[in-house]
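Observations on chain architecture
Letter by letter, the chains look like this.
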Amino acid sequence: MYAKLGYSTATAPVLAGPGVRDPLDGTVAVVRGGRASHRSGFATGALRKVDDAVLGGSSGLVHWHDGFRAEFDVGGGGAAAETTVGPMVDVVSALRGPWEVRLVRVRAGAGTDGVIRDGDVLRIGGWALSSPTVVETGPAVVTAALALGGETQSRVIGLLGVDGATAGVRRERDATPLGPETATPWLSAAVRPDVWMAVGVLLGSSPGVPQLDLQAGDAAVSWPDGATTRFRPEEFLPRG
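Notes on the structure in this doc start here.

What counts, and at which threshold
- Residues numbered from 1 in each chain as written.
- Predicted model: local features only at pLDDT ≥ 70, side-chain atom pairs only at ≥ 80, totals over all residues.
- Heavy atoms only, no water.
- Helix = DSSP H or I, 4+ residues; strand = E, 2+ residues; numbered from the N terminus.
- Buried < 20%, exposed > 50% of the residue type's maximum accessible area, 1.4 Å probe, protein only.
- Contact = heavy atoms within 4.5 Å.
- Lys, Arg positive; Asp, Glu negative; His and termini not counted.
- Charge placed at Lys NZ, Arg CZ, Asp CG, Glu CD.
- Patch = residues over 30% accessible without salt bridge, like charges linked within 9 Å, V, L, I, M, F, W, Y side chains within 5 Å.
- Areas by Shrake-Rupley, 256 points an atom, 1.4 Å probe, with all protein chains shown as cover.
- Salt bridge = Lys/Arg side-chain N within 4 Å of Asp/Glu carboxyl O.
- Pairing = 2+ DSSP bridges.

Turning next to the overall build of the protein chain. In terms of helices and strands, the protein chain carries zero helices and 17 strands. Projected onto the principal axes, the alpha-carbon positions of the protein chain cover approximately 45 × 45 × 30 Å. Put simply, the protein chain has 240 residues, and 49% of those count as buried. Long-range pairs, those at least 24 residues apart, make up 62% of the contacts in the protein chain between residues at least 6 apart in sequence. Taking the average place of the 22 positive charges on the side chains of the protein chain and the average place of its 25 negative ones, the gap between the two points comes to 2 Å.

Moving on: a nonpolar patch on the surface. A cluster of nonpolar side chains, namely Leu47, Val54 and Leu95, defines an oily patch on the protein surface of about 280 Å² accessible area. Tracing the backbone through its elements, the reader meets Leu47 in strand E3 (residues 43-50).

The backbone of Asp194 sits at a positive phi, close to 65°, despite the residue not being glycine. When you line up the elements, Asp194 lands in the loop between strand E13 (179-190) and strand E14 (197-204). Phi is positive for Ala216, which is not a glycine, with a value near 50°. Within the secondary structure, Ala216 sits in the loop between strand E15 (211-215) and strand E16 (218-222). Using a relative accessible area of 75% as the deciding quantity, one classes Ala216 as exposed.

Bringing the environment of Pro23 into the picture now. Mapped onto the elements of the fold, Pro23 is located in the segment before strand E1 (28-32). Pro23 sits in the buried class, given a relative accessible area of 11%. Beyond its immediate sequence surroundings of up to four residues, Pro23 is in contact with Lys4, His38 and Arg123.

Our focus in this paragraph is the pairing of E13. The side chains of a regular strand alternate between the sheet's two faces. Of all 12 residues in E13, nine are buried; the element is thus mostly enclosed. Relative to E13, strand E7 (residues 121-125) is paired through five bridges, and the arrangement is antiparallel. By the bridge assignment, Leu122 is partnered in E13 with Ala189. Bridging between strand E8 (residues 129-131) and E13 involves three bridges; their strand directions are antiparallel. Bridging from a neighbouring strand, Ser130 pairs with Thr182 of E13.

Before going further, it helps to spend a moment on the pattern of salt bridges. According to the stated counting rule, one finds 16 salt bridges in the structure shown. With its nearest N and O atoms 3.9 Å apart, the salt bridge here joins Asp52 to Arg96. Of this pair, Asp52 sits in the loop between E3 and strand E4 (53-68) while Arg96 sits in strand E5 (residues 80-96), placing them 44 residues apart in sequence. A residue is classified by how much of its surface remains accessible, and Asp52, at 55% relative accessible area, is exposed. Looking at Arg96, the relative accessible area reads 19%, which means it is buried. For Arg105, the salt bridge is made with Asp90, and the minimal N-O distance between the two is 2.9 Å. In this pair, Arg105 is assigned in strand E6 (residues 99-107) and Asp90 in strand E5, connecting sequence segments 15 residues apart. Here Arg105 matches Asp90 in class, with each residue buried. A single network of salt bridges, built from pairs that share partners, joins Asp90, Arg105, Arg107 and Glu234.

These results come straight from atomic positions and should not be treated as a statement about function.
Okay, structure coming up:
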């Protein structure tokens, strides 16, 4: 529950059902052998405002839970009896208005399990929308009439390095206290070692989508209203 990439006043993290031990909403995971990794235990980097956007970063070795005990664990929905540690995942997010531009890089970790393997897939989950009715309006796009915010859209789009991506929606029932139906959009693509990959994550509504340009370590996000945010992703990662 407390290892998500973000929280909002219009949504709730998935708290019941299979999505607790296989978290999707608000996550970045490496899927290996059909199992998605967890990210609890990450280190946080810089957090600061750049013009009208807020940026922050984190890094951590992903891991897979190979068995569970009954004890409560805030990061994985049950304490792991055994854990396999995998590659390092860096995440840098730029947020402005209803959009988050989420940059992700996968690097090799220590040991044989930390090596990036053929077949490893990067899966990125958006916001979980809960309501009496949640409608799929496109690949990795869901819309619901929320009590507080009116019609709200949750969407994940590819921006950089995700050619050939697969997109979809996971549906769950009675997974949050905000409504009987919950739907979470997601996008997945083959891991590209040591290369920044990026998506746009929407919660709300927007007449357009952001664009990302990344050249020689310098990133520029062009937002739908014409504003531009420039930054270096490396500067937002933890030191050491």
